[in-house]
Structure formats: structure tokens, C-alpha cells
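# Chain and residue survey
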2 protein chains.
Amino acid sequence: MQRELKREALLRAAVSAFSRQGFHQTSLDEIARKLGVTKAALYYYFPNKNALLAACFDRAMSVANESLAQARNEGGNSREKLQLFLRHYLEAVTDEFGVSVLLTEEHSLDEQDRKKLFEERDKLEGHIRNLVREGIKDGSIVECDPKLAVFLLLGAVNWIPKWFSQKGSWTSHQLARAATDMLDRMLSTNPCAELVIDVGKAP
Amino acid sequence: MQRELKREALLRAAVSAFSRQGFHQTSLDEIARKLGVTKAALYYYFPNKNALLAACFDRAMSVANESLAQARNEGGNSREKLQLFLRHYLEAVTDEFGVSVLLTEEHSLDEQDRKKLFEERDKLEGHIRNLVREGIKDGSIVECDPKLAVFLLLGAVNWIPKWFSQKGSWTSHQLARAATDMLDRMLSTNPCAELVIDVGKAP
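Since the structure is predicted, the reported quantities are computational estimates derived from the model, not experimental observations. By convention here, each chain's residues receive numbers from 1 onward along its written sequence. All chains are assigned letters beginning at A, and all ligands numbers beginning at 1, according to the order in which they are written. Local features in this predicted model are restricted to residues of pLDDT 70 or higher, and side-chain atom pairs are both shown and tallied only at a pLDDT of 80 or more, whereas totals for entire chains, interfaces and linings draw on every residue.

Moving on, we come to the overall build of chain A. Each helix and strand counted, chain A has eight helices and zero strands in total. The quantity called the radius of gyration is restricted to C-alpha atoms. Its globule counterpart is 2.2 Å times the number of residues to the power 0.38. What you see for chain A is a C-alpha radius of gyration of 18 Å, in line with the 17 Å of a compact globule of 203 residues. Summarising its shape, the C-alpha atoms of chain A cover approximately 55 × 40 × 30 Å along the three principal directions. Buried positions account for 41% of the 203 residues belonging to chain A. Per the convention used, a helix needs a DSSP run of H or I reaching at least four residues, while a strand needs a run of E reaching at least two, with both numbered from the N terminus. Put simply, a residue is buried when 20 or more other C-beta atoms lie within 10 Å of its own C-beta and exposed when 12 or fewer do; between those, it is partly exposed, and each C-beta is set from the backbone.

By the convention adopted here, residues make contact when the C-beta atoms placed from their backbones lie within 7 Å. In this assembly, 35 residues from chain A lie in contact with 35 residues from chain B. Looking at the side of chain A that touches chain B, the elements that each hand over two or more residues are helix 7 (146-163) and helix 8 (172-187) of chain A. Broken down by element, the residue count for the side of chain A that touches chain B peaks at ten residues, all from helix 7 of chain A. Amino acids are sorted into nonpolar (Ala, Val, Leu, Ile, Met, Phe, Trp, Tyr, Cys and Pro), charged (Asp, Glu, Lys and Arg) and polar (every other residue, Gly among them). For the side of chain A that touches chain B, the residue count by class is 21 nonpolar, nine polar and five charged.

As a further point, take the domain arrangement of chain A. Along its sequence, chain A is organised into domain 1 (1-47) and domain 2 (55-201). Each domain's extent was defined by an automatic or database domain assignment. If you average the C-alpha positions of domain 1 of chain A and of domain 2 of chain A, the two centres end up 27 Å apart.

Structure (C-alpha cells):
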């Protein structure tokens, strides 16, 4: 467990450094120096930057899959499930782990890691498309192209860690809630008449 | 003019290579070799990769600003203007110039280029937020937080070149139209009851 905690702390610190200054502009040596650990300690957990990147993607996929499982349990109709998935996922990636900034670095992964990522991503996208299809059937989601719907939703959501900062005036909770409500309007058969007017003042 | 055309051809080829295999995984030498031009010719237009990247961002900003100007001319209410901006911009970036894949590479820009990009991007985002504010006033757009609305729209839109391929079953025109209609539902006070069901079969 000690080992897991240490690995986790290193992973978080690395992600934070990558997000601030870019993956390619950050060296493992620099991360080790900033964390006050020896290079040997860092290399024990992550033999190279690509291994660290693969761990980041693994984490992002786990968070997404857990959010989806939770949403499936909690939601009533499929539109609610979709909404809950987005809210949980957003709260996790903005609050805990700003990992999505790295989601454009697939090219830097080793081939095997990239293959695995693409398979898992395709599987996740398939699950979410199915939610949209089920929502069209149960009447909670408008007739639409599920493939396009999922791409647009994930694009909006994956872009958020690029501009959201926990030091800004919006909390992760406010953001996740307001963004989800706004995106929900895009697909709901019963779109709300108004949205949160000032995210920073929302409950 | 000859000079402009040559620069343009080099820029397009470079962007295409960056998009396929990643900015950091592509060398100027490789681009020159693939294009069958001498390194000297390439270096004459773009002394280094960062200059090429800055040119890509310049282009993306020009396309966005031109799309906005055109939309302002053509649209009736502010919601229509916003919709037309998205459609024109999408058609341009997916059809002509898949530049947005690079939009996460700001870290690789020289400091001066990055500063300029951020200023221009802030200006553009300000203009689009104003469109949303005007739309709320003229009753075409729902009460909402304009800042969040613009971030979500641009996220969805900037993500598209990551997954859209001209070799797929959707044309740029079909995609731009369907994506815009779907995103429009998010903010319109008069959301349509159904959307295109299969983008690849839309007119």
C-alpha cells in the first residue's frame, strides 16, 4: 500500500508538471528534483516518460469507466445516466487529476500502450453510444446520430482541463454541474428553459 | 504570389504530417524529404519547427476570424450568427486545413509567438461571448453563463479534427452542418425536435 501511495504521489506531481509546461518540455530529472526524490526512486516506479504517460492514460480510462458504472446504477432513464456519467467524470478529472490535458499525446506512447489505449477508448465510446441509442428508444434523447453526439460530448468534456483551473472562481462541483446541464440540453427531448447564469455563484 | 503558394503548400504538407504522427515525432528534414524539396527551400520559409507551428496557429486564427466576420454578415439574430460561425469554421478546418490537432501544442511555441496567440485567442473568445450575450438579449439564446457556453462550444469544435477524417463516410459539409445543428440545440430558446439521424446520409 505504501508503494501504491508513493506511486500515486509521483504520478500526480508528474501530471501537474506536464500540464503546466507540456509533456515534451518536462524531463523526468526535473520532476524528481522538484519532488525532492532521487532519480532512482522515480525510475523505480516509472522507467521512462512514456511509462508515466501510459499510467496517466490508464488512470483517465479507469476514472471514465468508474464514472460510467456509477451513472448506470444511479440514473433512471438513459439521458439521466448519460448526464450522471458526464458529471462524475468531470468532477473527477477537474478535481482530482487534471489528466485530460495529456489526451492529445497518444503519439508519444509506445506502440503496445497506444494499441491498448485505443481499444479501451473505443470500448468506452461504444458504451456511451449505446446509452444514447437507449435514450432515443426510451424517448429521453432526441433522434440523432449517436456517433456524432458522443464525439461532441467527449470533445467538450476533454477540452475542459485545458482551460479550467481550481484557482479560478468556479469549483469543480459548480463546473461539472453547469457543464453537464448545458450539454444535456443538446440531446434532451425535454430541454430546460434556462441554465445557470453565473457558474461561480451556483450552489 | 508564387512565393505565397509555395509557402502554403509547405505549410499544408507539414500540418498533415504533424497530424498523422505528432508534432514532436516529425522532423523538418523528414517533411522536406517527403515533399521532395531541399532542406534549404523549406528552411527559407520556415527556419525551424516552431516557426512552422506559429504559422499553423496564425492560420487557424485567420480562419476563425474570417468565419466570424462572414457569420456576422449573414446571420439574422445572434443565435444564427453563432451557428454560422461554427459551421464556417468547421467546414474550413476539416476540409482545407486540419490544423486544430495542433491546438494543444502551445507549449512548444516561442514565448513571443505564444503571447501573441493567447492575445488573439482571448480576443476571439471575447467576440463569441458577446454573440452569446447578444443572443440572450434578443431572446434567441437561453439564459446561461456565456463563458461556459463558449468554452464548451470551442472544446467540441476543436476536438473534431482529432477524430474526423476526410476518408471516412462523412463529408466536411455534412459534418459541419450536423455538428452545428446539434450544438445549436444546447443554447437555442427554440431547440429543434429532431436532428440528423445518420450524418453520412445527410444532404
